[in-house]
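What follows is the residue order along each chain.
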Amino acid sequence: EDVQNEKQTTNNENENKKETNDKGLKILFLSSDTGGGHRASAESLASQFLHLYPSSTYTLLDILSDHAPVPYNYSVSSYQHLSSNPSQWKVVYNVSNTWPIKGMASLHLKIWSEAGVRQSIQAYNPDVVVSVHPLMTNVPVISCAKISAETNKHIPIFTVVTDLGNGHAYWFDAGVERMFVASDSMKSLAIKMGGVEENKIVRSGLPIREEFGMHVDKMQQWVGDDDDDNTPLTEKEKRCGYQLHVRKDLDLALPLEESNQKNGRKHHIVMLMGGGEGVGSLSSIVKSIYIHFVKRQSYHEYHCNSSSSAHDNNNSMYNPYDLTILVICGRNEKLQHQLKEGTDWGALKTKIHNKVVQEEDLKRKTRETVQGIQHFLLDKAKFFPHLNNNIHGNKNNEKNEKEREPKGNDLGIDMEGIGVSSESTSDGKEEHLKKSMDKENGNPKDAHSPSASTSSSEHSTEKQQQQQQVAPFEGLV
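Residues numbered from 1 in each chain as written. Predicted model: local features only at pLDDT ≥ 70, side-chain atom pairs only at ≥ 80, totals over all residues. Heavy atoms only, no water.

## Some remarks on the overall build of the chain
- Secondary structure summary: the chain contains 19 helices and eight strands in total.
- Within the chain, buried positions represent 28% of all 477 residues.
- Within the chain, contacts between residues separated by at least 24 positions form 60% of all contacts whose residues are at least 6 apart in sequence.
- Accessible surface, the chain as shown: approximately 31,200 Å² in total, 52% of it carbon and sulfur. (Helix = DSSP H or I, 4+ residues; strand = E, 2+ residues; numbered from the N terminus. Buried < 20%, exposed > 50% of the residue type's maximum accessible area, 1.4 Å probe, protein only. Contact = heavy atoms within 4.5 Å. Areas by Shrake-Rupley, 256 points an atom, 1.4 Å probe, with all protein chains shown as cover.)

Okay, here's the thing in structure tokens:
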């Protein structure tokens, strides 16, 4: 009896599923154009609903613009402003992503918009409601529960979180039937911040457009451009072959493996994306990256051309900065126009290249000048012993300097030949000069010394001798 009951239940489910497939579903997506990701996710899910239930119909409802109070009804225009001002975005995001603000916002939305939201959902009479926006979960959960109680028709509501690794607290509401998240970190946030039961959370990944899946299938089924060649291909050959085919269709550079076979050079592709709206100062980022790599490319080519072995070895001409920058502009036509026609990339490249060449030429000439001076000093070091000592970095500087010191002083002058004794050129030189100057000026201390009691003629003779001894030093100073 249990087996028969189980079979009967299975048959009923299959009949209901078949009836649903034939009948189709009415799906209501709750979304807003605050970025392209929410709408893209809704359209991707709708495409799969139509694939599984061909007779289904769907619509997108923006309850923020239609029913939400200030400031939430300005979400679309505010998003465009905040996305262009990251610092303001950060402040708004961090302040609103707290428990007190979330509680007040939820209460505010429920009081002012729940009745209008319920009326809009009831007018469409959906079989299922899917929210793909963080501000469209808490109020619709209450509205669907009230409609189900009034009509005795259960309307399930699901949330598909379109953020990958970290999400805002508004995403999570425990009243949903199921919550689909992309990662384990989002699952933890749903449990911690929203109090969602673990059995309601499904880790499904992010919804993607059907076209991506089509390309994956083509990579797996690729047989090559040459129909005459029936040689079976490996998985890697299929994938690389289809990628090469796509690059040729898009007029992009060849991949690494193919380019190595063609001309011995590698070519890279840098792809930049700013979401469906093409936001995030992409124009400035593209220009900065372009300038950086043109500088590195010019620097590399300059030194390759300056190298004597550049013409002997083809590998020396390999440029690691040879690349193409591919920008996904999304719906941002202004960005597309600015990148295509607003900037003369050829003139900018020439300007940067000439500047790099001038800078490198100046550096080279400066190095050659410094090296010439250094060689001159090395050749003439015998005439400048102290310079020779500094150039060679001799650690025994004082010892060697003392050994090379000529008789007299550092200037090579014979102090004894001009009337100055050798004692006065050593440590006692300053003391000798001081005593001589004191005697000449009539120092009171020296006036009481024995030499002060001599006759005036002897004193005059002594002063003349002192002047002869001091005079050479005065001349040197």
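Still to come is the rest of the account.
## Quick notes on the packing of helix H6 (residues 99-124) against helix H7 (residues 138-151)
- At a minimum axis separation of 8 Å, H6 and H7 run at an interaxial angle of 45°. Considering their axes alone, H6 and H7 lie oblique with respect to each other. The interaxial crossing formed by H6 with H7 has right-handed handedness. Note on element contacts: H7 touches H6 through Asn 138, Val 139, Pro 140, Ile 142, Ser 143, Cys 144, Lys 146, Ile 147, Glu 150 and Thr 151, opposite Ser 106, Leu 109, Lys 110, Ser 113, Glu 114, Val 117, Arg 118, Ile 121 and Gln 122.
- Within the contact of H6 with H7, the residues separate by chemical class into eight nonpolar, six polar and five charged. (Axes fitted to C-alpha atoms, helices over the stretch in contact; angles between N-to-C directions. Parallel < 35°, antiparallel > 145°, perpendicular 65-115°, else oblique. Left-handed = near helix turned anticlockwise from the far one by under 90°. Nonpolar A, V, L, I, M, F, W, Y, C, P; charged D, E, K, R; others polar.)

## Regarding the confidence of the model for the chain
- In the predicted model, the chain carries a mean pLDDT of 76, and 67% of its residues have values of at least 70.
- Every residue in residues 259-264 is under pLDDT 50, and counting partners more than four places away or in other chains gives eight contacts. (pLDDT = per-residue confidence, 0-100.)

## A short note on the sheet that holds strand S3 (residues 128-131)
- Ordered by their spatial adjacency, six strands build an open sheet running S2-S1-S3-S4-S5-S6, and the pairing between neighbours is parallel. Among the strands making up the open sheet, the edge pair consists of strand S2 (57-61) and strand S6 (201-203). Here the average twist between neighbouring strands, direction ignored, is 20°.
- Across five bridges, strand S1 (residues 26-30) lies against S2 in parallel orientation. From the neighbouring strand, Leu 30 faces S2, where its bridge partner is Leu 61.
- Relative to S6, helix H8 (residues 184-194) is tilted by about 170°, and along the sheet it contacts strand S5 (178-181) and S6. (Pairing = 2+ DSSP bridges.)

## Here's the deal with a nonpolar patch on the surface
- A contiguous nonpolar surface patch, about 400 Å² in accessible area, is contributed by Leu 107, Ile 111 and Trp 112.
- Here Leu 107 lies in helix H6. (Patch = residues over 30% accessible without salt bridge, like charges linked within 9 Å, V, L, I, M, F, W, Y side chains within 5 Å. Salt bridge = Lys/Arg side-chain N within 4 Å of Asp/Glu carboxyl O.)

## Comments concerning the nonpolar core
- Val 129, Phe 172 and Met 179 are the most contacted members of the largest nonpolar core, which has 35 residues in total.
- Secondary-structure elements contributing two or more residues to this core are S1, helix H3 (63-67), H6, H7, S5 and H8.
- Element by element, the count of residues in this core is highest for H6, at five residues.
- The contact partners of Val 129, leaving out residues within four places of it in the chain, are Leu 28, Leu 30, Ile 121, Cys 144, Ile 155, Pro 156, Ile 157 and Phe 158.
- In terms of nonpolar packing, the next biggest core, distinct from the first, is built from 14 residues, Leu 272, Leu 282, Val 294 and Trp 345 among them. (Core = buried A, V, L, I, M, F, W, Y, C linked by side-chain atoms within 4.5 Å.)

## Quick word on the side chain of Ser 113
- Structurally, Ser 113 is set in helix H6.
- Beyond its immediate stretch of four places on either side in the chain, Ser 113 contacts His 67, Ala 68, Pro 69 and Val 139.

## A closer look at helix H4 (residues 75-83)
- Looking at H4, one finds that the buried residues are Ser 75, Tyr 79, Leu 82 and Ser 83. Burial along H4 is one-sided: seen end-on, the buried residues are contained in an arc of 95°.
- Looking at the packing, one finds that the buried side of H4 touches H3 and helix H5 (86-96). (Arc of directions from axis to C-beta.)

## Things to note about the packing of H4 against H5
- Contact pair H4 / H5: the axes reach a minimum separation of 7 Å and the direction vectors enclose 125°. By the criterion of interaxial angle, the relationship of H4 to H5 is oblique. Contact with H4, carried on its side by Tyr 79, His 81, Leu 82 and Ser 83, involves Pro 86, Gln 88, Trp 89 and Val 92 of H5 and no other residues of that element.
- The class makeup of the residues in the contact of H4 with H5 is five nonpolar, three polar and no charged.

## Quick word on the side chain of Thr 162
- Structurally, Thr 162 can be placed in the loop between strand S4 (157-160) and S5.
- Within the local environment of Thr 162, its side chain forms a polar contact with the side chain of His 38, the two groups lying 3.4 Å apart.
- In this structure, Thr 162 is in contact with His 38, Ser 41, Val 132, Trp 171 and Leu 206, ignoring residues within four places of it in sequence. (Polar contact = N/O pair within 3.5 Å; in protein donor to acceptor, adjacent residues only side chain to side chain.)

## Comments concerning a positive patch on the surface
- On the surface, Lys 287, Lys 295, Lys 351 and Lys 355 cluster together into a patch of positive charge.
- Those elements that provide at least two residues to the positive patch are helix H12 (282-306) and helix H14 (345-379).
- Inspection of the secondary structure assignment puts Lys 295 in helix H12. (Lys, Arg positive; Asp, Glu negative; His and termini not counted. Charge placed at Lys NZ, Arg CZ, Asp CG, Glu CD.)

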